[in-house]
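Residue-level listing of the chains:
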Protein chains: 2
Amino acid sequence: MSSDAISIAIDCMGGDFGPSVTVPAALAFLRAHDAAQVVLVGQSDLLAPLLARHPDLAQRARVLHADEVVAMDESPTLALKNRKKSSMRLALNLVKEGAAQASVSAGNTGALMAMSRFVLKMLPEIDRPALCPVMPTMNGHVYMLDLGANVDCTAEHLLQFGIMGAMLAAALDHKAAPSVGLLNIGSEDIKGNEVVKQAGELLKNSGLNFIGNIEGDGIYKGEADVVVCDGFVGNVALKVSEGLAQMLAQSLKQEFSRNLLTRLAALAALPVLKHFKTRFDHRRYNGASLLGLRGVSIKSHGSADAFAFEQAIVRAYEAANNHVVERISACLANLRQRQGITPATGGENA
Amino acid sequence: MSSDAISIAIDCMGGDFGPSVTVPAALAFLRAHDAAQVVLVGQSDLLAPLLARHPDLAQRARVLHADEVVAMDESPTLALKNRKKSSMRLALNLVKEGAAQASVSAGNTGALMAMSRFVLKMLPEIDRPALCPVMPTMNGHVYMLDLGANVDCTAEHLLQFGIMGAMLAAALDHKAAPSVGLLNIGSEDIKGNEVVKQAGELLKNSGLNFIGNIEGDGIYKGEADVVVCDGFVGNVALKVSEGLAQMLAQSLKQEFSRNLLTRLAALAALPVLKHFKTRFDHRRYNGASLLGLRGVSIKSHGSADAFAFEQAIVRAYEAANNHVVERISACLANLRQRQGITPATGGENA
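What counts and how
Residues numbered from 1 in each chain as written. Chains lettered and ligands numbered in written order. Predicted model: local features only at pLDDT ≥ 70, side-chain atom pairs only at ≥ 80, totals over all residues. Domains from an automatic or database assignment. Contact = placed C-beta atoms within 7 Å. Pairing = 2+ DSSP bridges. Helix = DSSP H or I, 4+ residues; strand = E, 2+ residues; numbered from the N terminus. Axes fitted to C-alpha atoms, helices over the stretch in contact; angles between N-to-C directions. Least-squares fit on C-alpha atoms with pLDDT ≥ 70 in both. Buried ≥ 20, exposed ≤ 12 C-beta atoms within 10 Å, placed from the backbone. Parallel < 35°, antiparallel > 145°, perpendicular 65-115°, else oblique. Left-handed = near helix turned anticlockwise from the far one by under 90°. Nonpolar A, V, L, I, M, F, W, Y, C, P; charged D, E, K, R; others polar. Arc of directions from axis to C-beta.

Asks: Sorry, what's going on with the domain arrangement of chain A here?
Replies: Interface size, as often reported, equals the accessible area lost upon joining of the parts. Residues and elements named next belong to chain A. For chain A, the domain assignment lists domain 1 (1-125 + 292-322) and domain 2 (130-284). Using C-alpha coordinates to define each centre, domain 1 is positioned 26 Å away from domain 2. Tallying the contact residues gives eleven residues for domain 1 and eight residues for domain 2.

Asks: Where do I start with the sheet that holds strand S3 (residues 61-65) of chain B in this structure?
Replies: To summarise the sheet geometry, strands pair through backbone hydrogen bonds and adopt either a parallel or an antiparallel arrangement. Residues and elements named next belong to chain B. As summarised here, the arrangement of the seven strands in space is S3-S2-S1-S4-S12-S11-S5, forming an open sheet in which the pairing is mixed. Looking at the sheet topology across the chains shown, the edges are occupied by S3 and strand S5 (130-132). Direction aside, neighbouring strands of the sheet carry axes that sit 25° apart on average. In this sheet, strand S2 (residues 37-42) lies alongside strand S1 (residues 7-11) in parallel orientation, the contact comprising five bridges. From the neighbouring strand, Ser7 faces S2, where its bridge partner is Gln37. Along the sheet, helix H1 (residues 19-32) makes contact with S1, S2 and S3, crossing S2 at roughly 170°.

Asks: Just checking my understanding: could you explain the relation of the copies chain B and chain A for this structure?
Replies: The operation linking the two copies of the chain is a rotation about an axis combined with a translation along the axis. Laying chain B over chain A is done by rotating through 180° and shifting 0.0 Å along the axis; what remains is an RMSD of 0.0 Å. In symmetry terms, the pair is related by a two-fold rotation axis. The fraction of interface residues of chain B whose copies in chain A are also interface residues reaches 100%, indicating that both copies meet through the same surface.

Asks: Explain the pairing of strand S8 (residues 179-183) of chain B to me, please; I cannot follow it from the model alone.
Replies: One face of the sheet, then the other: side chains in a regular strand alternate in exactly this way. Residue and element names in this part refer to chain B. By the criterion of burial, S8 is predominantly enclosed, with five of the five residues buried. Side-chain alternation along S8 places Ser179, Gly181 and Leu183 on one buried face and Val180 and Leu182 on a second face that is also buried. Bridge count between S8 and strand S9 (residues 209-214): five bridges; the pairing is parallel. Residue Leu183 lies in a different strand from S9, and its bridge partner there is Ile214. Examined bridge by bridge, S8 and strand S10 (residues 226-228) share three bridges and lie parallel to one another. Counterpart to Gly181 in the pairing with S10 is Val227.

Asks: Can you help me understand the interface of chain B and chain A in this one?
Replies: On the side of chain A, 52 residues touch chain B, which itself brings 52 residues to the contact. Contributing elements (two or more residues each) for the side of chain B that touches chain A: helix H5 (109-120), helix H8 (216-221), helix H9 (231-256) and helix H10 (260-279) of chain B. Per element, the largest residue contribution to the side of chain B that touches chain A is 21 residues, and it comes from H9(B).

Asks: Can you walk me through the packing of helix H1 (residues 19-32) of chain A against helix H11 (residues 306-321) of chain A in this structure?
Replies: To describe two helices that pack against each other, one gives the angle between their axes and the distance between the axes. Residue and element names in this part refer to chain A. Put simply, H1 and H11 touch, their axes get as near as 8 Å, and they point 55° apart. One element, H1, and the other, H11, form an angle in the oblique class. Relative to H11, H1 is oriented so that their crossing is right-handed. When H1 is examined against H11, the residues Val21, Thr22, Pro24, Ala25, Ala26, Ala28 and Phe29 are found in contact with a partner set consisting of Ala306, Phe309, Glu310, Ile313 and Val314. Its residues assigned to classes, the contact of H1 with H11 shows ten nonpolar, one polar and one charged.

Asks: What am I meant to see in helix H7 (residues 194-204) of chain B here?
Replies: All names here are of chain B. Of the residues making up H7, those classed as buried are Val196, Ala199, Gly200, Leu202 and Leu203. Down the axis, H7 shows its buried residues gathered within 165° of arc, on one side only. In this fold, the buried residues of H7 make contact with helix H6 (155-173), S8 and S9.

Asks: Is there a simple way to think about the sheet that holds strand S8 (residues 179-183) of chain A in this case?
Replies: All names here are of chain A. As summarised here, the arrangement of the five strands in space is S6-S7-S10-S8-S9, forming an open sheet in which the pairing is mixed. A strand with exactly one partner marks an edge of an open sheet, and here the two such strands are strand S6 (134-137) and strand S9 (209-214). Strand-to-strand, the axes of this sheet are offset by a mean angle of 30°, without reference to chain direction.

Asks: Please explain the environment of B:Ala265 as it appears in this structure.
Replies: As for its position among the elements, B:Ala265 is in helix H10. What makes B:Ala265 buried here is the crowd of 23 C-beta atoms within 10 Å. Taking the C-alpha atoms as reference, B:Ala265 lies 51 Å from B:Met115; in sequence the two are 150 residues apart. Look past the residues within four positions of B:Ala265 in its chain and what remains in contact with it is A:Ala268, A:Ala269, A:Val272 and B:Phe256.

Asks: Any chance you could explain the environment of A:Gly243 here in plain terms?
Replies: One can find A:Gly243 in helix H9 (residues 231-256). Looking at A:Gly243, the number of C-beta atoms within 10 Å reads 24, which means it is buried. Contacts of A:Gly243, omitting those with residues within four sequence positions, involve B:Gly216, B:Asp217, B:Gly218, B:Ile219, B:Tyr220 and B:Lys221.

Given below as structure tokens:
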């Protein structure tokens, strides 16, 4: 294996389906990315035979045996304490040691967050990782953070989310100055709660391309490349979206299977409906970034299939290849300098 | 006009379309509700001719002249100070005086909230009105509050929302013990922020049919009759839903108009799609209740058409006819008694 290639450490045992999903995804990823390498972390007696069927990829893939698996319902604290030989932990260790440049896991979210934080460590001034997924919009996609890791946020936290999200968008989408919006409410007399108001002031003076407040519907209208909110609000927004989409999809199905006539109509409409479904296929958006760490750690949905899990690996690869951690570090250092030179309430507005 | 009939005071000048929507809606409402009466409040030279065309309804409808209109973009504070002769204000005055049992307006939300609070007054211990709309779910509908009026909430506020929402559901849907859910997030290691955790404890000891936490997707799954959250989260959830629904509808339209074949498919699917649209027609859910007041005040969407505005009037009628204010009062009094007898941390759990 080449020493300067990007290598992705893959927790092959995590998620609802384990190696039957993670290994095919890793192989598909390798075929599409000539320069990339992977380390398949997990039970070698399961992984090695799957890999052996693809001798053409042997040069760019290896197996690292792990004795243990973090269970999906395991307490993060206990997992951190007891699962030191787990596939999740060993994958993160590889990133820590520099043997891999990013890790991907479909395992237990809380455990992954705790382990990522413990193994990779946080960047200076960042308390805990923010979870940043990518979501479809009318005109592309949006990065939204935090999505559940940080529920009691200060204005300073929201500012950090803005920086981390902007640097992720810059790295993954090659945008020089991604637009950052602050999720707020539009009531005429009360614009947001106190923390959000303060965060708006901080973001104005951050040097980011801050475009001000956006309301909930602005997320899907694609009003900003990055949307900043606290973890409670972000989690509710994401789950509400999932619930609504599910309700609409299920009802549409019901309407089309009402009787013979509607079933014929469904037949006629099928290609269109399929195309529509592909457009918002959540699998394409799989792979949330844990930001604020000194390394790249990507969380895949637990129920991801091979296609979805491959998207998460691609995101890990792009994040590492485009130096997202270094970008965030530099931006935070720049902010410290700005805050040292210009007061937070100063008139300078980039 | 009979003195014991329910009479609804209608701000006929509010909203995007004024009398051209509000008057036909009021007339349709009267035709469907034999025992009801309305007072059409607004410019009499506009309203009287519209009413004169329907002599059969003359016994149950009258016009109350108002010189002024609250503009949609007027500051609530200024509207409260300067628009004492506005249609919005006079409609609320009628409720205050007992000449009407409920009022409906499609005007400026902030102004309506400020005026409702000033004219009707709050119930004891309630600081400001909560805004409670009704939303469709997989198996019916849900009342959600607060939707934007109260952004910095205490646990006590959330408890009050639970009481007010439950009493609204009881009044409008004739349910003896509507289920109340607390909107929360499901992250494995951190269940909600501090205020929500405390609110959960208070709701457990409230005597309400509290079913515990529900996540964002549970709203549309119909997991609870009433969903409680602070105004910031509620507003975001509502707007996110609007944005997502809009994006999906627009994309579906785009897919069906892609080429001749897809247009033919659209033709075949049209009846099904229409039926689907009717099922979630937001017009059917028009009419948010301002709760916590000593009278019934209903807010219609500003862009409501006659059908939608009529639904808001119906909701006002049902709320008044089923004594929602008295129910809330009684429930709050009951709570005070419970809190006097059992400590908030007591083991009693209804």
